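The primary structure of each chain is shown beneath.
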Amino acid sequence: MIGMAMGSVQLQCCLPSLSVEASWKWRQPQTALVIMQSSTLTKQGQRFLTKLTTTSSNTDSFIRKFVQGSPKSIVLTTLSHLLSPSTSFPQLSSLALPLYARTCEAPWFNFNPTIVADLAALLNKQGRHEEAETLISEATSRLESNKRELALFYCKLVESHSKRSSQIGFNVAYSYLNQFLRTSSSVYIKRKAYEYMVSGLCSMDRPCEAENLVQDLRDNGGLEPSAFELKSIVYGYGRLGLFQDLQRVVDQMEKSGFAIDTVCSNMVLSTYGNHGEHMEMVTWLRRMRNSGIPFSIRTYNSVSNSCPTIMRKMVELNDDLPLSIEELNASLEGGEAIVVKELLQYSLILEEVMVWGSLEAKLDLHGFHLGSSYLVMLLWLEEMQRRLNDSTYGIPAEITVVCGAGKHSNVRGESPVKVLVKQMMVKMEGPLRIDRKNNGCFIAKGRAVKNWLCEMRKPC
């Protein structure tokens, strides 16, 4: 194995020089609303990491050959996956630094502060503080001539530490970012630092501190919070199950003129769902419907992820899988049954994900999680039967269900939604088959689907 205690001189030498004009795209602060998934891993990256788990010697040579013989995108995707807190290869996390060092040697590599921040946070979590500090010092010295870029680096460092719940690393990065916020004359730097500080505190389960920061900056710094900061605090309280505080901040948002939109509603639903508060979810769904707040794909994801019975069925995919909304409702009990019924009564989501034309009717399941894909499939089957039995719609020449080929799955090419749709079609003896031209789609002739649905759900 490679010597893990890579000295600071060696580490500095492996980092290429950086022009302040070097471009990279900074992401918006990621609230806890977003389910943190590891970077999509290509099949080539999967094979490389799998072989690494069985390689006991010449690891350095193996890593070097992978970097030299692989396209830039695959190397960076593999490195990003290894740096992710949700990597599928946590046993290889100690090899992230050697892989990064070899990546720096590639002729196509450009210094990337996001990768440095993620790597520093990982090393800090592993207790390798000197190596983490070396990385941070290198980045700081390279960026010090451009205060905006330096501030953004610490924004990313705060976010990276918060993802790993690293208290000490987070506090140090937070203190530096706080200095930028308090001393900079740049409105842009102040606003960015503000966003990441509030988001980071909430991700670290410190929403009360975040709320105090908002109040302090409003009173003493002249900075008014945006909807982003307030939504972060709402979600932060919700994650801890502090629902009275959550509702208090929501009320404050409304009084201050901020719209309670779909994004905010989904954050509230997600926190209720994480705590199994199904009746509170029902209340909120009704509030959304009464206020004209549209349901989104994430709304369906939040509800389905909160239902243990549905999620268990998605794992098993056995003969007990309900194949209609009526069968599903009969299989659910208590608050879970009520919240699913409330969700499915609002079928306008199909207008967002379904296209209907004379040549093709298409359902696009991109963005749905496994449980919500199942619920939308049940809705779609009912809607297809209704439309195909209504002469005003006609019969499309072809029916398509787009489930994806697994390009965005944790392991590229393995699509759980595709497996689900295939299982449903097998159990229902449906005509939809995987498209030979696009294995991320199921297709069938419109007439065949009409005849199948009529036969399956008589009278038609």
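Just so we're clear, the structure is a prediction, and the values are computed from it rather than from any experiment.

Q: Whenever I open this one, unusual backbone geometry confuses me. Can you help?
A: It is generally the case that most residues other than glycine have a negative phi and that most peptide bonds are trans. Although it is not a glycine, Ser165 sits at a positive phi angle of roughly 55°. Among the secondary structure elements, Ser165 is positioned in the loop between α8 (147-163) and α9 (167-183). Phi is positive for Leu317, close to 45°, though the residue is something other than glycine. Its location among the elements puts Leu317 in the loop between α17 (308-316) and α18 (325-331).

Q: Just checking my understanding: could you explain a nonpolar patch on the surface for this structure?
A: A cluster of nonpolar side chains, Ile168, Val172 and Tyr176, forms an exposed patch at the surface whose accessible area comes to about 300 Å². Mapped onto the elements, Val172 comes out in helix α9.

Q: In this structure, what is going on with the environment of Met384? I would like to understand it.
A: By the element assignment, Met384 lies in helix α21 (residues 370-388). On the basis of relative accessible area, Met384 is assigned to the buried category, the value being 0%. The spacing of Met384 and Val449 is 65 residues in sequence and 8.7 Å in space, taken between C-alpha atoms. Sequence-distant contacts of Met384, that is, excluding residues within four places in its chain, are made with Met354, Trp356, Ile399, Val449 and Leu453.

Q: It is not clear to me how helix α5 (residues 96-104) should be interpreted in this structure. Could you clarify?
A: For an α-helix, the turn length of 3.6 residues means that residues three or four places apart are oriented alike. When you tally the buried positions in α5, you get 9 out of 9 residues, the bulk of the element. Those residues of α5 not exposed but buried are Ala96, Leu97, Pro98, Leu99, Tyr100, Ala101, Arg102, Thr103 and Cys104.

Q: Teacher, can you tell me more about the pattern of salt bridges here?
A: Once the charged atoms of two side chains with opposite charge are near each other, the side chains can pair. Tallied over the entire structure, the rule returns 21 salt bridges. For Glu383, the salt bridge goes to Arg387, with nearest N and O atoms at 2.7 Å. Pair noted here: Glu383 and Arg387 are both in helix α21, with a separation of 4 residues, about one helical turn. One salt-bridge network, held together by shared partners, links Asp60, Arg102 and Glu105.

Q: Would you explain the environment of Ile260 in this entry?
A: Secondary-structure assignment places Ile260 in the loop between α13 (243-255) and α14 (262-274). Since its relative accessible area comes to 11%, Ile260 is described here as buried. Residues Ile260 and Ala227, 33 residues apart in the sequence, show an inter-C-alpha distance of 9.3 Å. Ignoring sequence-local partners within four residues, the contact set of Ile260 consists of Val250, Met253, Glu254, Ser265, Trp284, Arg287 and Ile293.

Q: Any chance you could explain the packing of α17 against α21 here in plain terms?
A: Any two packed helices are characterised by the angle at which their axes cross and by the distance between the axes. Where α17 meets α21, the closest approach of the two axes is 9 Å, and the angle between their N-to-C directions is 95°. The orientation of α17 with respect to α21, classified from their angle, is roughly perpendicular. Two secondary-structure elements touch here, α17 through Ile310, Met311 and Met314 and α21 through Leu370, Gly371, Tyr374 and Leu375. Grouping the amino acids of the contact of α17 with α21 by side-chain chemistry returns 6 nonpolar, 1 polar and no charged.

Q: Sorry if this is basic, but what is going on with the pairing of strand β5 (residues 441-445) here?
A: Each regular strand shows side chains that alternate between the opposite faces of the sheet. Across 5 bridges, the pairing between strand β3 (residues 398-402) and β5 is antiparallel. Bridge pairing in β5 links Thr400 to Ile443. Note that strand β4 (residues 433-434) and β5 share 2 bridges and pair antiparallel. Bridged to Ile434 within β5 is Phe442. If you look at the hairpin formed by β4 and β5, you'll find 6 residues sitting between the two strands.

Q: For this particular structure, what's the right way to read the environment of Gln46?
A: Positionally, Gln46 belongs in helix α2 (residues 43-52). A C-alpha to C-alpha distance of 9.9 Å links Gln46 and His81, two positions 35 residues apart in sequence.

Q: How do you make sense of the nonpolar core when you look at a structure like this?
A: One broad rule of soluble globular proteins: the nonpolar side chains tend to lie buried together. Grouped together as the largest cluster of nonpolar side chains are 135 residues, with contacts concentrated most on Tyr100, Tyr374 and Trp380. A per-element tally of this core places α21 first, with 10 residues. Once residues within four sequence positions are removed from consideration, Tyr374 is found in contact with Ile310, Met314, Leu321, Pro322, Leu328, Leu420 and Met424.

Q: Explanation requested: the side chain of Arg206 in the structure shown.
A: Inspection of the secondary structure assignment puts Arg206 in the loop between α10 (187-203) and α11 (207-220). Leaving out residues up to four positions away in the same chain, Arg206 has contacts with Gln167, Phe170, Asn171 and Leu201.

Q: Even after reading the chapter, I still don't get the sheet that holds β5, so can you show me in this structure?
A: The pairing of strands in a sheet happens through backbone hydrogen bonds and is either parallel or antiparallel. Within the open sheet, the 5 strands sit side by side as β1-β2-β3-β5-β4. Their pairing is mixed. In this open sheet, the two edge strands, each paired with only one partner strand, are β1 (354-356) and β4. Docked against the sheet, α21 engages β1, β2 (360-364) and β3, running at close to 15° with respect to β1.

Q: What exactly am I supposed to notice about the packing of aromatic side chains here?
A: The description of an aromatic ring pair rests on the distance of the ring centres and on the angle between the ring planes. Overall, the coordinates contain 11 aromatic pairs when judged by the stated rule. Judged by centre distance (3.8 Å) and plane angle (10°), the ring pair of Phe48 and Phe66 falls under stacked. Of this pair, Phe48 sits in helix α2 while Phe66 sits in helix α3 (residues 59-69), and the two are 18 residues apart along the sequence. Judged on exposure class, the residue Phe48 and its partner Phe66 are both buried. Three or more aromatic residues joined by ring pairs form one cluster here, namely Phe153, Tyr154, Tyr176 and Phe180. Residue placement shows Arg148 over the ring face of Tyr188; its charged tip is 3.9 Å from the ring centre.

Q: How should the pairing of β3 be read in this particular structure?
A: Taken across its 5 residues, β3 has 4 buried, putting it largely inside the fold. Both β2 and β3 contribute to a ladder of 5 bridges, which runs parallel. In the strand pairing of β3, Asp364 is matched with Val402.

The rules behind the values
- Residues numbered from 1 in each chain as written.
- Predicted model: local features only at pLDDT ≥ 70, side-chain atom pairs only at ≥ 80, totals over all residues.
- Heavy atoms only, no water.
- Helix = DSSP H or I, 4+ residues; strand = E, 2+ residues; numbered from the N terminus.
- Patch = residues over 30% accessible without salt bridge, like charges linked within 9 Å, V, L, I, M, F, W, Y side chains within 5 Å.
- Areas by Shrake-Rupley, 256 points an atom, 1.4 Å probe, with all protein chains shown as cover.
- Salt bridge = Lys/Arg side-chain N within 4 Å of Asp/Glu carboxyl O.
- Buried < 20%, exposed > 50% of the residue type's maximum accessible area, 1.4 Å probe, protein only.
- Contact = heavy atoms within 4.5 Å.
- Axes fitted to C-alpha atoms, helices over the stretch in contact; angles between N-to-C directions.
- Parallel < 35°, antiparallel > 145°, perpendicular 65-115°, else oblique.
- Nonpolar A, V, L, I, M, F, W, Y, C, P; charged D, E, K, R; others polar.
- Pairing = 2+ DSSP bridges.
- Core = buried A, V, L, I, M, F, W, Y, C linked by side-chain atoms within 4.5 Å.
- Phe/Tyr/Trp six-rings, centres within 6.5 Å; stacked < 30°, edge-to-face > 60°.
- Lys NZ or Arg CZ within 6 Å of the ring centre and 35° of its normal.

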